[in-house]
Amino acid sequence: MTNKDYPSFLQKIVSTQRDDVRIVTAKELEESGVLFVQDGNHGNNRPRKDEFVEDGIPFIRPPDLQNGRVIFTDVDQVNEIAFKRIRKGIAQPKDILLTTNATIGRIALAGTLAPEVFVVNPQITIWRTNEESLLDHRYLYYFMKDRAFMGQLWSLCGDNSTFNYVNLTLQKGMYLAIPPIGRQKTIAHILGTLDEKIELNQKMNQTLEEIAKAIFKSWFVDFDPVRAKAEGRPTGLPPEISVLFPDELVDSEIGEIPKGWSQSTFGELADIQNGYAFKSKDWNEEGTIPVVKIGNVKPMLVDVDSCSRVDSQTVAGLERFRLSSGDALIGMTGYVGEVGLVPKVNELPYLNQRVGRLIAQAPSDYSFMVVMTRRKEFKVEVENLGTGSAQANVSASSIKSIKVVAPSSDLKEKFGEVINPIIDRILTAAGEIEVLSELRDTLLPKLISGELRIPDAEKFLEEVGI
């Protein structure tokens, strides 16, 4: 391998790897049939607003790429009419999705259990391996996560003066380092072992949240225990919980509700604290203090790892904006109504403006508030309150005006006894994900560059019990 004019981000690979590592452009791989690179539909072929449906073909946007995975729960979906018109951006399992327009460098791998077919929007590019015997799709994903690739991507952003955008031609000119297929697969296996453990925790968290939502819906939306009592059937609940449900439904302004319950507002359940207005000069890539912005509030969990950072001097005197594990945050600009919890992390983040901290009015209201706000119906109500033409904005007072059903405090307390352990397990699993992610991100550049040899990496994982 000759050390020619490769981008500086590749120089370490060039200097440490053996001669059997090829440095090639994406275009060269595409021309040889090994690689496929394509973005989503622009112009008239894009889905129209009236073509989005409840049950259709998943339509993936940048926010649906989270922690290296495509999250298909609660995504937008398009009907068959729109899908038949779409000519580009049709993805499949094993594809790598990369954001290259406005939001730059968010990357995710569509797992083997992804839908057989789905669609990406124009801000996302599909990278697909056509020849697994020459280019392992998991190795390609890990290489693209490394600075050797991301550094090239970010260096191309300045080619557009209006907003960050790296077009297909520029992407296809980027260099990839391709070792022999056996080494590709081993690197992918080592890093994939960590990602599999991460994904297992993520799936467990999704299951736990669905259980919590199902209980909430049964008790406080469908009123199943009340209906069972009214019909003389057992509720299926422990006696100390069953006794807290009445045996009759009555009319109210918001429809039928259990007798003795009342119509209330979200503001009587929770207060909302807005974040601090950090200034552009405050952000520091070398800073150690994470700050939660709108984009960090992901479904169920806040993505602390991707937070922008400030230094400790910047947050002096701002303790009231420091968050705690389990705090529920809500987006109030852009993707309004999204709610996520702060996980158990080593460095607790601070709260930025236009992100609201939901503060339960009473300890017994906490789990009731969390599960209520994580339901799709609540998010839709918040979205409907949004104002603004460029991007949606919603005020704390508007959110607090949302009408809700108010069960007894005793019942909410019992609900908390059931749900709080579920929430705690979700937060613990999220903390474990952070540790595993840090370990993976430490090993990744060392394996890609050849600085860490494969036997040493395998021995290290064995020593830490992975």
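Draft legend 1. Spotlight on the overall build of the chain. Summing up its helical and strand segments, the chain has 15 helices and 24 strands in all. Expected size for 466 residues packed as a compact globule is a radius of gyration near 23 Å; at 25 Å, the chain falls within 12% of this value. Seen along its three principal axes, the alpha-carbon backbone of the chain occupies a region of about 80 × 50 × 45 Å. Out of the 466 residues in the chain, the part that is buried amounts to 49%. Once local pairs closer than 6 in sequence are excluded, the contacts in the chain between residues at least 24 apart make up 74%. Only carbon and sulfur atoms are counted for the fraction: they give 49% of the accessible area of the chain, which is about 21,800 Å².

Draft legend 2. Focus on the layout of surface pockets. In this model, the second largest pocket occupies a volume close to 530 Å³. The wall of the second largest pocket is formed by 23 residues, among which Arg69, Gly111, Thr112, Glu199 and Lys203 lie closest to the centre. Mapped onto the lining of the second largest pocket, the elements with two or more residues apiece are β5 (68-70), α4 (137-145) and α7 (181-220).

Draft legend 3. Up close: empty space enclosed by the protein. Summed over all chains, the structure comprises one cavity of 30 Å³ or more. In this structure, the largest cavity spans a volume of roughly 60 Å³. Contributing to the lining of the largest cavity are Glu209, Ala212, Lys213, Met300, Val370, Val371, Arg374, Ile422, Ile423 and Ile426. Of all elements in the fold, only α7, α11 (366-373) and α14 (409-449) reach the threshold of two or more residues within the lining of the largest cavity. For the lining of the largest cavity, the per-class residue count stands at seven nonpolar, no polar and three charged.

Draft legend 4. Summary view of the nonpolar core. Among the nonpolar cores identified, the biggest contains 51 residues, and Leu35, Trp127, Phe143 and Leu176 are the most heavily contacted of them. It is α14 that contributes the most residues to this core, seven residues altogether. Beyond its immediate chain neighbours, meaning those up to four positions away, Trp127 contacts Ala26, Leu35, Phe36, Val37, Asp95, Ile96, Leu98, Met144, Phe149, Gln171 and Leu176. Core analysis: the second largest hydrophobic core is formed by 45 residues, Trp219, Phe223, Leu269 and Leu411 among them.

Draft legend 5. Quick peek at the packing of aromatic side chains. Applying the stated criterion to the full structure yields 22 aromatic pairs. An angle of 85 degrees between the planes, with centres 5.5 Å apart, marks the rings of Trp127 and Phe149 as edge-to-face. Within this pair, whereas Trp127 is found in strand β11 (residues 124-129), its partner Phe149 is found in helix α5 (residues 147-155), the two being separated by 22 residues in sequence. With respect to class, Trp127 is no different from Phe149; both count as buried. These aromatic residues form a ring-pair network of at least three members: Phe216, Trp219, Phe220, Phe223, Phe245, Trp261, Phe368 and Phe415. Sitting over the ring of Trp283, Lys293 keeps its end group 4.1 Å from the ring centre. The ring of Phe368 carries Lys412 above its face, with NZ or CZ at 5.8 Å from the centroid.

Draft legend 6. Here's a closer look at the sheet that holds strand β6 (residues 76-78). Pairing within the open sheet is mixed, and its four strands lie in the order β6-β3-β10-β7. Edge positions in the open sheet fall to β6 and β7 (90-91), since each of these has one partner strand only. Where strand β3 (residues 52-60) and β6 come together, four bridges link them in antiparallel fashion. Note on β6: the bridge partner recorded for Ile57 is Val78.

Draft legend 7. Structural view of α5. Buried within α5 are the following residues: Ala148, Phe149, Met150, Gly151, Gln152 and Leu153. Two or three places before Ala148, at the start of α5, stands the capping residue Asp146, its side-chain oxygen 3.1 Å from that residue's backbone nitrogen.

Draft legend 8. Representation of the sheet that holds β11 in the model. If you trace the six strands from one edge of the open sheet to the other, you get β2-β11-β8-β9-β5-β4, paired in mixed fashion. With one partner strand each, in any of the chains shown, β2 (35-39) and β4 (65-66) form the two edges of the open sheet. The pairing of strand β8 (residues 96-101) with β11 spans four bridges and is classified as antiparallel. Looking at β11, one finds that Leu98 is bridged to Thr125. Across the sheet, α4 lies against β2, β5, β8, β9 (103-109) and β11, angled at about 155 degrees from β9, the strand it touches most. Against the sheet, α5 touches β8, β9 and β11, its axis set at about 150 degrees to β9.

Draft legend 9. Structural context of the pattern of salt bridges. For the structure shown, the criterion picks out 31 salt bridges. Across the pair Arg69 and Glu199 runs a salt bridge whose closest N-O atoms are separated by 3.4 Å. You can see Arg69 sitting in strand β5 and its partner Glu199 sitting in helix α7, a full 130 residues away along the chain. Note on Arg69: relative accessible area 12%, which makes it buried. Overall, Glu199 belongs to the partly exposed group, its relative accessible area being 23%. Notably, a salt bridge pairs Asp441 with Arg440, separated by 3.0 Å at the nearest N-O pair. Under the relative-accessibility criterion, Asp441 is labelled partly exposed at 34%.

Criteria and thresholds
- Residues numbered from 1 in each chain as written.
- Predicted model: local features only at pLDDT ≥ 70, side-chain atom pairs only at ≥ 80, totals over all residues.
- Heavy atoms only, no water.
- Helix = DSSP H or I, 4+ residues; strand = E, 2+ residues; numbered from the N terminus.
- Rg over C-alpha atoms; globule rule 2.2 N^0.38 Å.
- Buried < 20%, exposed > 50% of the residue type's maximum accessible area, 1.4 Å probe, protein only.
- Contact = heavy atoms within 4.5 Å.
- Areas by Shrake-Rupley, 256 points an atom, 1.4 Å probe, with all protein chains shown as cover.
- 1 Å grid on protein atoms, 1.4 Å probe; cavity = no way out; pocket = protein on both sides within 12 Å on 5 of 7 lines; lining within 4 Å.
- Points joined across faces, edges and corners; volume = space filled by probe spheres on them.
- Nonpolar A, V, L, I, M, F, W, Y, C, P; charged D, E, K, R; others polar.
- Core = buried A, V, L, I, M, F, W, Y, C linked by side-chain atoms within 4.5 Å.
- Phe/Tyr/Trp six-rings, centres within 6.5 Å; stacked < 30°, edge-to-face > 60°.
- Lys NZ or Arg CZ within 6 Å of the ring centre and 35° of its normal.
- Pairing = 2+ DSSP bridges.
- Polar contact = N/O pair within 3.5 Å; in protein donor to acceptor, adjacent residues only side chain to side chain.
- Axes fitted to C-alpha atoms, helices over the stretch in contact; angles between N-to-C directions.
- Salt bridge = Lys/Arg side-chain N within 4 Å of Asp/Glu carboxyl O.

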